[in-house]
Amino acid sequence: MSQSLSQTLSGMVPNLSLEDHIYQAEDMISLTSNTSFPTRELSSPDSHSTRSCDTCCMETEPTEKGMMDVHVVPAAYHRSNSNQCSQMAAYDMYRRPRGLAMIIDIEVYENDVQERRFGSHVDVDNMKSLLQGLEFDVTVHKNLQLAQFFKEITEFCCNKMHEEADMTVVVILSHGKDGVVYAADGQSINMEYIYEFFNNRNCPLLRGKPKFFIVQACRGDRPDQGVDSSEASTAPPSPEKTLSKSKKRRAEALDAIACTPDAADVSRARPTWEDMIIAYSTIPGYASLRDHEKGTWFVQSLVEVFMSHAHDTELVDLLRMTSERLSHFTNEMGEKQTCNVEMRHLYKRIYLNPGLGRPRSPPHSPRLQHLEQ
């Protein structure tokens, strides 16, 4: 990171640790090499999968849909705790709007330093419709260079509107590898650095309020070949079989880049890290699949689950349902995808309560009114 950019960010977020943080600036942001990707053909989800719950009680078997007509089912009443743990409280969730949400979509890369992320516009439209249905004030930023990327993140975390919010959501759609995503000019951004903008020290207006991050990007380039539940063999696939499969990929893309591995990043636990939940489209080391016309499996699964069940289901359970629904998708090569959820001191449950405002105070009974006089 240049000295001028560091000084600018430090001025906007005074407590942001650019010097004493364990991540050095050169580790945060680095240039990537020119890279192209093989394309792959997608097929319908595996209709022969068996699950203990019929795809999380959704009405239909998941299929790739592309642009969807997103309608969020409103909640019937406010939920203050969970039946599984009645002692666990819930975050307040009644303000309108619920809070600010930001979507950063890096679809086109300058000078073709990375492959264009065809189909990402579908994810943007579906995610924007979902967040608006959940009563968030949504802004979308597309194809940001490094400096623009940090400028938007910095201004968003410093926005005074967070003081009147119950929650915030940040969605990042980009190429990546484990630990980093890539700006439109091909420079890498350490995800831990983004999260640090929103901790209690750097974003006091969101203290005690949930911060929900959704990251659609590869975290490696390994494909998940899936496991045939009818076979007991644990023998690895032969190199010839793997090579043959890779040659058949045509209309499918990965949200990954090919590069040499860097030294592993180390995260440090801090008491200022609270109320955060991060949903990754895939697990460390693995690729995330995207269709050129219909978008990504992960975003579609998340949008379908949230619009149908956010009215009566807690956020962590919604992500469990998203994971189950995602598990039904496969391509013609039998590849699967596994999402990953990380929580950082999430003390309470999150009920999004779509369609509901501030709960009414219970009326005083005549007897109580008499005693108060």
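Up top is the structure.
Attention in this report is confined to the structure presented alongside it. (Residues numbered from 1 in each chain as written. Predicted model: local features only at pLDDT ≥ 70, side-chain atom pairs only at ≥ 80, totals over all residues. Heavy atoms only, no water.)

A complete count under the given rule lists 0 disulfides for this structure. Just so you know, Cys 158 is unpaired, no disulfide at all, and the nearest cysteine sulfur is the one on Cys 157, 3.9 Å from it. (Disulfide = S-S within 2.5 Å.)

A few words on the side chain of Glu 274. By the secondary structure assignment, Glu 274 is in the loop between strand 8 (252-254) and strand 9 (276-280). A polar contact of 2.9 Å, which involves the side chain of Glu 274, links it to the side chain of Tyr 347. Among residues more than four places away in sequence, those in contact with Glu 274 are Asn 200, Lys 211, Arg 344, His 345 and Tyr 347. (Helix = DSSP H or I, 4+ residues; strand = E, 2+ residues; numbered from the N terminus. Polar contact = N/O pair within 3.5 Å; in protein donor to acceptor, adjacent residues only side chain to side chain. Contact = heavy atoms within 4.5 Å.)

Moving on: the sheet that holds strand 5 (residues 180-182). Pairing within the open sheet is antiparallel, and its 3 strands lie in the order 4-5-6. The open sheet terminates on both sides in strands that have one partner only, identified here as strand 4 (176-177) and strand 6 (188-190). In this structure, strand 5 lies alongside strand 6, joined through 3 bridges in antiparallel fashion. Bridging across to strand 6, Tyr 182 finds its partner in Ser 188. (Pairing = 2+ DSSP bridges.)

All chains considered together, the criterion is met by 9 aromatic pairs. Note on Phe 149 and Phe 150: the rings are 6.3 Å apart at their centroids and 70° apart in plane angle, and the pair reads as edge-to-face. Exposure class is identical for Phe 149 and Phe 150. Each is buried. Ring geometry for Phe 212 and Phe 306: centres 6.3 Å apart, planes at 10°, overall stacked. Here Phe 212, found in strand 7 (residues 211-216), pairs with Phe 306, found in helix 7 (residues 297-309); they are 94 residues apart in sequence, far enough to count as distant. Like Phe 212, the residue Phe 306 is buried in the burial classification. What links up through ring pairs into an aromatic cluster is the set Phe 149, Phe 150, Tyr 193 and Phe 197. The ring of Trp 273 carries the charged tip of Arg 344 above its face, separated from the ring centre by 5.2 Å. (Phe/Tyr/Trp six-rings, centres within 6.5 Å; stacked < 30°, edge-to-face > 60°. Buried < 20%, exposed > 50% of the residue type's maximum accessible area, 1.4 Å probe, protein only. Lys NZ or Arg CZ within 6 Å of the ring centre and 35° of its normal.)

In a regular helix each residue adds 1.5 Å, so 13 residues correspond to 18 Å; helix 7 covers 18 Å between its end C-alpha atoms and thus fits that length. Within helix 7, 12 of the 13 residues are buried, which leaves the element mostly enclosed by the surrounding structure. Residues of helix 7 that are buried: Trp 297, Phe 298, Val 299, Gln 300, Ser 301, Leu 302, Val 303, Glu 304, Val 305, Phe 306, Met 307 and His 309. (Expected span 1.5 Å × (residues − 1).)

These figures capture arrangement, not role.
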